[in-house]
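Per-entry structural report
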Amino acid sequence: AQSVTQLGSHVSVSEGALVLLRCNYSSSVPPYLFWYVQYPNQGLQLLLKYTSAATLVKGINGFEAEFKKSETSFHLTKPSAHMSDAAEYFCAVGGHTGFQKLVFGTGTRLLVSP
Amino acid sequence: GAGVSQSPRYKVAKRGQDVALRCDPISGHVSLFWYQQALGQGPEFLTYFQNEAQLDKSGLPSDRFFAERPEGSVSTLKIQRTQQEDSAVYLCASSSLEQGRSEQYFGPGTRLTVT
């Protein structure tokens, strides 16, 4: 079985500060890992994904995430927060085989203050 | 181009009513997924279609939930005799490859409120 834990239901940062959103996964098989962003009343948008190539993955809007197998982590970072980054962020895990059913974490709401 | 669309965007149903939620995937996308997102939670898998074939429905919470995709394009999620615990946002996602092994594009969701 696969699962994802996101630490912190809310994270607050100031504009220009480092963004760090934490995600730990559990998987009995090599995982595919994803970060999605959800703006109010909108669907989820893919930020980035890890599919066993490079462990440091760069995504859209300046976000990146590093896959650390030893720590079973896939934390999302951005060097400098922008007001437009305020949204809900979801980490998800999928498998290498079979159809790509995604298992999501409970989400982290990012708040950005001026 | 057009993304995944869902209708209605909002639905209020009285307990015991039947509802039908529609998903229009991106044209040509083979894979289609339904997810349920309860308030304050992440999306949870309900069911998966490859073209018109429903290959997995293990996430459907009860036999009151039924999904179809008869022509391999538009999909409908039907909930019979709605209960309060069915209140959630229902998300549809489509993907261009079989088994969804490419990016899943999500629709805006249908927010169902059962009173």
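Here the structure is shown first, and the text comes after it.
One structure accompanies this document, and this report is about it.

**Quick word on the pairing of strand β8 (residues 64–68) of chain A**
All names here are of chain A. Because side chains alternate across β8, one face comprises the buried residues Ala 65 and Phe 67, and the other comprises Glu 64, Glu 66 and Lys 68, none of which is buried. Here strand β7 (residues 56–58) runs beside β8; their pairing, made up of three bridges, is antiparallel. Paired with Val 57 across the two strands is Ala 65, which belongs to β8. Pairing analysis gives five bridges linking β8 to strand β9 (residues 73–78), with the strands arranged antiparallel. Counterpart to Glu 64 in the pairing with β9 is Thr 77. Remark: four residues form the turn of the hairpin made by β8 and β9, two consecutive strands paired antiparallel; Thr 72 in that turn has positive phi of roughly 45 degrees.

**Focus on the interface of chain B and chain A**
With 21 residues of chain B at the contact, the number on the chain A side is 21 residues. Scanning the region where chain B abuts chain A turns up zero salt bridges. At the junction of chain B with chain A, the criterion picks out two residue pairs in polar contact (both at pLDDT 80 or more). Secondary-structure elements contributing two or more residues to the side of chain B that touches chain A are β4 (31–37) and β5 (44–50) of chain B. The leading source of residues in the side of chain B that touches chain A is β4 of chain B, at three residues. Along the lines of polarity and charge, the residues of the side of chain B that touches chain A split into nine nonpolar, eight polar and four charged.

What counts, and at which threshold
Residues numbered from 1 in each chain as written. Chains lettered and ligands numbered in written order. Predicted model: local features only at pLDDT ≥ 70, side-chain atom pairs only at ≥ 80, totals over all residues. Heavy atoms only, no water. Buried < 20%, exposed > 50% of the residue type's maximum accessible area, 1.4 Å probe, protein only. Helix = DSSP H or I, 4+ residues; strand = E, 2+ residues; numbered from the N terminus. Pairing = 2+ DSSP bridges. Contact = heavy atoms within 4.5 Å. Salt bridge = Lys/Arg side-chain N within 4 Å of Asp/Glu carboxyl O. Polar contact = N/O pair within 3.5 Å; in protein donor to acceptor, adjacent residues only side chain to side chain. Nonpolar A, V, L, I, M, F, W, Y, C, P; charged D, E, K, R; others polar.

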